[in-house]
Amino acid sequence: MSDTGALRNQLKLIRTRLGMSQQELAAAAGVARQTIGGIESDLYSPSATVALRLARALGCPIGEVFWLADEEITVNAITSETVPPEETVRVAMANVGGRWVAHPLRGDGAFRTEMVPADGLGTQSKPDGTLCVRLLDERETLARTVVIAGCTPVLSLWARSAERWYPGLRVHWTHTNSMAALRSLACGEVHAAGVHLWDAATGEANAPFVRSSLPARAVSLVSLGTWDEGLLVRRGNPKSLRVPSDLAQDDVRLINREQGAGSRLLLDSALEAERIPSSAVRGYEQLAGSHQDVAAAVARGDADVGVSTAAVAEIYGLGFIPLRRIQYDLAMLEETLEIEPVRQLLTTLEHRWVRSQLEVLGGFDTSATGATSIVGP
């Protein structure tokens, strides 16, 4: 038995995640099955040749399978949120436009339905707010992270689906509304911003807001799909709501979204079209931070109505009153499309399995999914 020294591996973890047996991996790498068992049990370290063969068979960078335990790497990163001086926070890391960006994992941002693993520990140690981040993973692995900002949980569904196709791909979803997502894109904090914003003045979706947020920049709008937006009500619609003007009834309680959210913009446009002042709507100032929070408030009976999508209504078993159909786009700088992990992520929009995951949500049309248009120069 050879000395394993400081060499560590996650061979078994990756193999089982891919659904491969030891024998199947051995055959793919051209080694004996006993070799796989010995490495996974830390009985011996593989030669460089065997390590390369195993990484290639798994479709992973070698540093994702094997690493030295005593390696510690630090990088300087800009941060998407202010971190108090000398405070250490858990962060998710990505390389955007040649710069490392640290996304603090705290509050609701630290969770999907489970806690988000940290990529590093960052400490604010410079006057400009730059973090010194001690990486908990390989630079090459973290550099394959694509960061998407947006409010729809469909982004998480797509991300997890894409990672199944490309085991080396990492997708980090930052939950934020459409306008905040565009601001993050303009600041170089994310690779893509998910938007569903309707401009009543031009009759266009998304493009006017992209032009305003990123003037003089060429931006690609990649369609994730088209969805129905409208009013979420309790099953059976006990308040008999039909149109936005019904929200002004004294016995109707609204749960609203914050400024910058596409759902808030839809509500304001609908009320303005029917000349209903927001002050006439009970609960207009009661805010929820996500589509899920809106649906949960209606489902619990804390509110009678909220604005969201048909897919969310179906997930929560609620009634739905459609108001409009709008395209959900991913806004991305044109040069971002040349980044390999981004290309891999976008190719999954053509996969039948990924599209089927979106289609079964209900109220989600994938006929234009993957279509691209250019905004700006």
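Computed from a prediction, not measured in an experiment: that's the story for all the values here.

Draft legend 1. A look at unusual backbone geometry. In this structure, Asn-237 takes a positive phi of about 50° despite not being glycine. Examined against the element boundaries, Asn-237 turns out to sit in the loop between β13 (219–233) and β14 (254–257). We note that Arg-275 has phi near 55°; this positive angle belongs to a residue other than glycine. One can find Arg-275 in the loop between α10 (262–273) and β15 (287–288). A residue is classified by how much of its surface remains accessible, and Arg-275, at 78% relative accessible area, is exposed.

Draft legend 2. Region of interest: the pairing of strand β5 (residues 99–104). Among the six residues of β5, five are classified as buried, and the element is accordingly described as predominantly covered. Pairing of strand β3 (residues 74–79) with β5, which is carried by three bridges, proceeds in the parallel orientation. Of the residues in β5, the one forming a bridge with Thr-79 is Ala-102. With antiparallel pairing between neighbouring strands as the criterion, strand β4 (residues 88–96) and β5 make up a hairpin whose turn holds two residues, including Gly-97 at a positive phi of roughly 60°.

Draft legend 3. Broad picture of helix α3 (residues 33–40). With six of its eight residues buried, α3 lies for the most part within the structure. Within the sequence span of α3, burial applies to Thr-35, Ile-36, Gly-37, Gly-38, Ile-39 and Glu-40. Residues of α3 that are buried make contact with β1 (7–9), α1 (11–17), α2 (22–29), α4 (48–58) and β2 (66–68). Phi for Asp-42, located one or two positions after α3, is positive at around 60°.

Procedures and definitions
- Residues numbered from 1 in each chain as written.
- Predicted model: local features only at pLDDT ≥ 70, side-chain atom pairs only at ≥ 80, totals over all residues.
- Heavy atoms only, no water.
- Helix = DSSP H or I, 4+ residues; strand = E, 2+ residues; numbered from the N terminus.
- Buried < 20%, exposed > 50% of the residue type's maximum accessible area, 1.4 Å probe, protein only.
- Pairing = 2+ DSSP bridges.
- Contact = heavy atoms within 4.5 Å.

None of this, on its own, says anything about what the molecule does.
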